[in-house]
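Results of the structural survey
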Amino acid sequence: MESSQESYISSGEEEEEEEELSSFLLSDELQDLEKQLSHIQVHVPEVVFEFDWSSVDTSNLPESYKTNSPKEQMLLQVADNFHRQYAHLCPDREPLFLHPINECRVEKFVSTTVRPTLLPYSELYNWDGSARFVADYLTMEPLPSPIAPPGYLYSPTTILRYQRGNCFDFSILLCSLLIGAGYDAYCVNGYATREICMMDESREVCPLLKKPEEVAVEATKQKPKKYAIKPPRDLSSKFELRQEAKQQAIVQAALEKKRKEEEEKRLEAEKPPPDTLYGLRVHAWVLVLSGKREVPESFFIEPFTGKSYSTTDDHFLGIESVWNHKNYWVNMQDCWNACRDLQFDLGDPVRWEFMLLGTDKPLLSLPEMEEEEDLVEDEVDDMMKEEEAKGFDMPASWVEQIQISPREFETRCPQGKKVIQYKNAKLEKWAPYLNTNGLVTRLTLFEDPDRTKVLEVKEWYKNREDVLETRDLNKKTEVTNEFFMPGHVQGLKAHMYLTMDPETDRTMEFYSETRVDGLQKRVETPNDMEEYFEGRSDFLYYRHAEFGKRIKKAGNAAAITESNARPILKITERFYRNPQKPADEDVAERIFSIVEEKIFLTYHCKENYITPSKRDFNKRADVDSMGNKIIMTHDMCISYLAGSPEKENKLFHLYEMMMHLIEDEKKARHLVWESEMEVLDILRIREEEEAASKLTVSIYDTERNEKSKEQREAMERMQQEERQRQVEQDLDYLAPFLIQIGGIEKMTKWLALRLKEDCLNDFKHRLVDKANLIQARFEKETQELQKKQQWYQQNQLNMTLEDEDAYLTYCSDAMFRIRILELRLSRHKERAPLKYIALEEKLCKDPRLSEHLRFYM
C-alpha cells in the first residue's frame, strides 16, 4: 500500500510539473502573439452618414426651439432629481432617456417633444394609415450607437422637413399623429432584435402577398324531414374501413413527418446568423393601449415598417420606459422573458414608476391603505387634494404645429420613390403622377433568395385615362393579366392574354351592367370562342362558336370583313328557363351545325321528367334531283316530345319554325363576326392607350388641372384690373392744383374758374406732349427705314442671301411698327377732343366746383 501511495504521489507531482511547463510555454506563445498583433495597425473607418445634421438651418426656427421657459427649466430639474433617485435605487439599470438636446443644441424633455396633431386627411384618422404614412414618408437612419439611445432628439417639424430620422424620430412623429387622432399612444424606449432595429425585412413575406384569414362559417344543420326516405343500408365492411383508415393514417403521418423535416431544414437554412448584440440593441417603437377609439387589445406599432405586433411578440425583447405628452413612466417589471409577461397597466405604481403626479392614469389602491380601516373618506379626499396641489403639470409642447401640404402628403416617399426588399420579393413605390404611365407600385417576385430569376411582376396604376388598375406578368408562362376599374370604353374589366396578336388565346371579362348585350366574359382561342352573358331579356347566357381554318389570310386587322372572316363550323347557344313558356316550348340549347346543315334543339325538362324534348332539323336545297321544289317533309324534322308522343306539330308549323331558326342562324353568325370585330377593336384601343399612357387630373386638383388654373389666373387678373381701376377712380385729380393754391376750404367763383382753366390747360398740354412723342417715334422709325433702304440700294450687288433675309425681316418689322404708330397717332387725334370735353364736363359736375360753374352745364 505504501509503495502504491508513493508511486501515486510521484505520478501526481510529475503531472503538476508537466502542467506548469505547458502553462509557461502557452504564456510565452501568447506573449509572442500579442507582440506580433501590436505591430499591426488597424485603420478604423469613420462612420459616414448619408445626411449631416449639423447643417440643419435653425435661423428661422421659433424662439421656443432655442430657449426654455421657466416651467420647462423646472421640469428639467424635476427630471434630474428623478434620474438621481432612479440611479440610486436601480444602479444596475441603464440611464434613462429623459432630456436629449434638440436641433438648436437645447435640452428638451422627451414628453414635450410630442406634439399631438390631427391633420386634415381621412387616411391619417386611423392608426394603420398614419403608420403607413410615417413609414413611407421618412427615410430610416440607424442610431449612432446600436446599444445606447441617441444624445439628440429633433422636433417632428424638422424631421418632416428633411424626411429622415432614426427610430426615436419615427416614434415621436407617429405618436403625435396617433394622439391627435384620439388613440392612447405612447413612445417606447426598449430593446429589439437586429432585424427590427436595422429594418431588415429580407426574411419577411411581403404584406401584399399575405392572404386575409378566412373566417370559417359553420354549416347550419338541416333538420331531418319527418317523412324523408331513409337512406339505403350501408353494407360495407367496418373492419376493412378501419384497416384502410389505419393505412391512410400511417401514410399521412409519414408525409407529415417528411414535410416537417423539410420545413425544419428550410427554416434552419433561412435562419439568420447569431447576433452578438442580441438583447442589447436599443430601439424605439409605439405602444397603443386598449380603451380609446374602440381598440380591443393593446398592441405595438413598428414605426419603420408601419406593421402592428402583439405585445408578446418575440421581436421586442424589453422595455426601459414609455412616455406621452403628459407623463413619463419607467418599467419596474423584469424582462427576462422579453415582453411576454409585461402588464401595461400604467396606473400600477408597483409595475410602472411615474415621474409626475399629474397623470391621467388612475392609481391602484395600495395594500397599506386597504388595511387602514379607520381612515375616514374625508381624510382620503384631503390627502388626494394635497397631492394634486403638490403635483407638477407637464408644460405645453415646444414644437410648432405639424403641417403637411397636400402635395407633400401625396408625394409620400422621399424623391417620390421607395424600394423595400422582402423575402424573394422586391417592392417599389412611386408617388402619383411621378411616372408618365401612372405606375405607383411594383412587386417583383423571384424564385431564389438571391433575387436573380424573376418569377412574376405585379404592377399597380393610378389616375390612368384607360382606368387600368393592376397588371400581372408571369415570366414562366408569359401570361399577362390586366384588371380595369369601371369606366373603360368597352366596359372592359379584365384581360388575360399571351400576346396582343388577334386570334390567339385570351380571356376578357366585362362589366355586364354597363353593356347593352350583357356580356360578362369572352374566352377566345385560335379555334373557338366562348361568351357568357347575364341579365338578358332573351335568357341567353352562353354562346360557343367553332372556327375552321381561314382560306385566305387578311393582310391586316382592318381588312377583315364578314366575307373573309374565319369560317364558322358550329354555333352553340344556351338559355335559362323562361317561366312564361311551357317547358317543351322553351329552348334550353340550340346548335347550328353549319357544316352539316343541321339545327339541333333541346328544350328544358318538364316537371317530374328526367328527359327533355328534342328536335333535329335537316336543311335541304330548295329543289330535289328532279327539279321539283321542296318545301317540307317529315324526314327534315326528327322530334322527341317527352311525355306526349301523340302530340305532333303539322308540317306548316315545322316549316315556319325552321325558317325562323335559319334567320336566327344568320343573326348568330353575324353576332359572332361582330364579337371578332370587337376583339380587334379592343386590341387596337389597348395598343393606342399603352402608347399614349395619358393620365387624368381631377377638377379639384388646382395645381395640375391646367384649365382650372388658367380660369383662376384669368379671374385673379380681372380682379386686379378692377381694383386698379377703382384706385384710379378714387384718385383726386384736383389735388395737385389745390396744393398750389394753399388748400382753401371755401372756394370763390373766380378760384373755381381758375382751377377749371388750369386743369384743362394741363390736360391739353399732356395730350399735345403725347401726340408729339408718338410723332417723334414715327419720324425716327421712318428715318431709320429710309437709311436702311439707301444702304440696301448701295450694297445690293455684294449682299448674300443671309443679308437679304435679315434686311427683309427688318423692313417687315419696321413697317409694322410704323403702321402701329400711325394708328396710335390717328386714334389719339380723334379721341383727344372727346377726352377734353369729358374732363370739362367732369369738372363742371365736381361738387367742389359745381356751385360756381353751374352756368356752364
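Being a predicted model, the structure only gives us computed values, none of them experimental.

Some points on the overall build of the protein chain
Helices and strands together make up the secondary structure of the protein chain, namely 17 helices and 25 strands. Split into buried and exposed, the 857 residues of the protein chain put 35% on the buried side. Intrachain contacts of the protein chain at a sequence separation of at least 6 include 56% that bridge at least 24 residues.

Here's the deal with helix H3 (residues 70–89)
Here H3 is 20 residues long and its end C-alpha atoms lie 29 Å apart, about the 28 Å a rise of 1.5 Å per residue gives. Within H3 the residues assigned to the buried category are Glu72, Leu75, Leu76, Ala79, Phe82 and Tyr86. Buried residues of H3 fall within an arc of 125 degrees about the axis and therefore sit on the same side. The exposed residues of H3 that point more than 90 degrees off its buried face are Pro70, Gln77, Arg84 and His88. The elements touched by buried residues of H3 are helix H4 (110–113), strand S7 (316–323), strand S8 (328–331) and strand S9 (352–354).

Quick look at the environment of lysine 458
Looking at the secondary structure, you find lysine 458 in strand S13 (residues 454–461). Between the C-alpha atom of lysine 458 and that of asparagine 481, which follows or precedes it by 23 residues, the distance is 9.3 Å. The contact partners of lysine 458, leaving out residues within four places of it in the chain, are Leu209, Thr441, Arg442, Leu443, Arg471 and Asp472.

Quick word on the pattern of salt bridges
Counted under the stated rule, the structure contains 45 salt bridges. Across the pair glutamate 459 and arginine 442 runs a salt bridge, and its minimum N-O distance is 3.3 Å. On the criterion of sequence distance, the pair formed by glutamate 459 in strand S13 and arginine 442 in strand S12 (residues 439–446) is long-range, its members being 17 residues apart. Assessed through its relative accessible area of 14%, glutamate 459 is described here as buried. Residue arginine 442 is classed as partly exposed on the basis of its relative accessible area, which comes to 25%. By sharing partners, the salt bridges in this structure join Glu428, Arg442, Glu459, Arg464, Asp466, Arg471, Glu482, Arg686, Glu689 and Glu690 into a single network.

Let's talk about the nonpolar core
In this structure, Phe109, Phe168, Val288, Trp323 and Tyr328 are the most contacted members of the largest nonpolar core, which totals 61 residues. The element that contributes the greatest number of residues to this core is helix H7 (residues 167–180), accounting for 10 residues. Aside from chain neighbours lying at most four places away, what touches phenylalanine 109 is Leu75, Leu76, Ala79, Leu98, His99, Tyr328, Met355, Met394 and Trp398.

Examining the sheet that holds strand S6 (residues 307–310)
As a general point, the strands of a sheet are linked pairwise by backbone hydrogen bonds and lie either parallel or antiparallel. Judged by pairing direction, the sheet is antiparallel, and its seven strands sit side by side in the order S6-S5-S4-S3-S7-S8-S9 without closing on themselves. Two strands bound the open sheet, and with one partner strand each, they are S6 and S9. Strand after strand, the sheet turns through a mean of 35 degrees between neighbouring axes, direction not considered. Bridge analysis of strand S3 (residues 185–192) against strand S4 (residues 282–288) gives seven bridges, and the strand direction is antiparallel. Bridge pairing in S4 places alanine 185 opposite valine 288.

Describing the side chain of glutamine 490
Tracing the chain through its elements places glutamine 490 in the loop between strand S15 (479–484) and strand S16 (492–497). On the accessibility criterion, glutamine 490 (18% relative accessible area) is buried. Filtering out sequence-adjacent residues up to four positions away, glutamine 490 remains in contact with Phe510, Arg515, Glu678, Asp681, Ile682 and Ile685.

Some details on the packing of aromatic side chains
Scanning the model with the defined rule gives 20 aromatic pairs in all. Measuring from centroid to centroid gives 5.8 Å for phenylalanine 109 and tyrosine 328, while their planes differ by 55 degrees, and the two rings are tilted. Residue phenylalanine 109 is found in the loop between H3 and H4, and its partner tyrosine 328 is found in strand S8; the two are separated by 219 residues along the sequence. Given the relative accessible area of 2%, phenylalanine 109 is considered buried. Taking the relative accessible area as the measure of exposure, tyrosine 328 reaches 0% and is therefore buried.

Describing the confidence of the model for the protein chain
One rule of thumb: low pLDDT means the predicted coordinates there are not for detailed reading. Here the protein chain shows a mean pLDDT of 82. Residues at 70 or above account for 80%. A low-confidence stretch, residues 39–49 stays under pLDDT 50, and its non-local contacts, those more than four residues away or across chains, total one contact. Every residue in residues 386–390 is under pLDDT 50, and counting partners more than four places away or in other chains gives one contact.

A word on the layout of surface pockets
The space that makes up the largest pocket amounts to roughly 1,200 Å³. Residue lining of the largest pocket: 36 residues in total, with Arg132, Asp136, Arg412, Lys429 and Thr441 positioned closest to the centre. For the lining of the largest pocket, the elements supplying multiple residues, two or more each, are helix H5 (127–137), S6, helix H12 (406–411), strand S10 (417–422), strand S11 (425–430), S12 and S13. With five residues, the top contributor of residues to the lining of the largest pocket is H5. Along the lines of polarity and charge, the residues of the lining of the largest pocket split into 18 nonpolar, five polar and 13 charged.

Topic: the packing of H5 against H7
Contact geometry of H5 with H7 gives a least axis separation of 10 Å together with a crossing angle of 150 degrees. Relative to H7, the element H5 lies roughly antiparallel. Of the two possible hands of crossing, H5 and H7 adopt the one that is right-handed. Of the residues in H7, those touching H5 at Trp127, Ser130, Ala131, Phe133, Val134 and Ala135 are Phe170, Leu173, Leu174, Leu177 and Leu178. The class makeup of the residues in the contact of H5 with H7 is 10 nonpolar, one polar and no charged.

Rules and cut-offs
- Residues numbered from 1 in each chain as written.
- Predicted model: local features only at pLDDT ≥ 70, side-chain atom pairs only at ≥ 80, totals over all residues.
- Heavy atoms only, no water.
- Helix = DSSP H or I, 4+ residues; strand = E, 2+ residues; numbered from the N terminus.
- Buried < 20%, exposed > 50% of the residue type's maximum accessible area, 1.4 Å probe, protein only.
- Contact = heavy atoms within 4.5 Å.
- Expected span 1.5 Å × (residues − 1).
- Arc of directions from axis to C-beta.
- Salt bridge = Lys/Arg side-chain N within 4 Å of Asp/Glu carboxyl O.
- Core = buried A, V, L, I, M, F, W, Y, C linked by side-chain atoms within 4.5 Å.
- Pairing = 2+ DSSP bridges.
- Axes fitted to C-alpha atoms, helices over the stretch in contact; angles between N-to-C directions.
- Phe/Tyr/Trp six-rings, centres within 6.5 Å; stacked < 30°, edge-to-face > 60°.
- pLDDT = per-residue confidence, 0-100.
- 1 Å grid on protein atoms, 1.4 Å probe; cavity = no way out; pocket = protein on both sides within 12 Å on 5 of 7 lines; lining within 4 Å.
- Points joined across faces, edges and corners; volume = space filled by probe spheres on them.
- Nonpolar A, V, L, I, M, F, W, Y, C, P; charged D, E, K, R; others polar.
- Parallel < 35°, antiparallel > 145°, perpendicular 65-115°, else oblique.
- Left-handed = near helix turned anticlockwise from the far one by under 90°.

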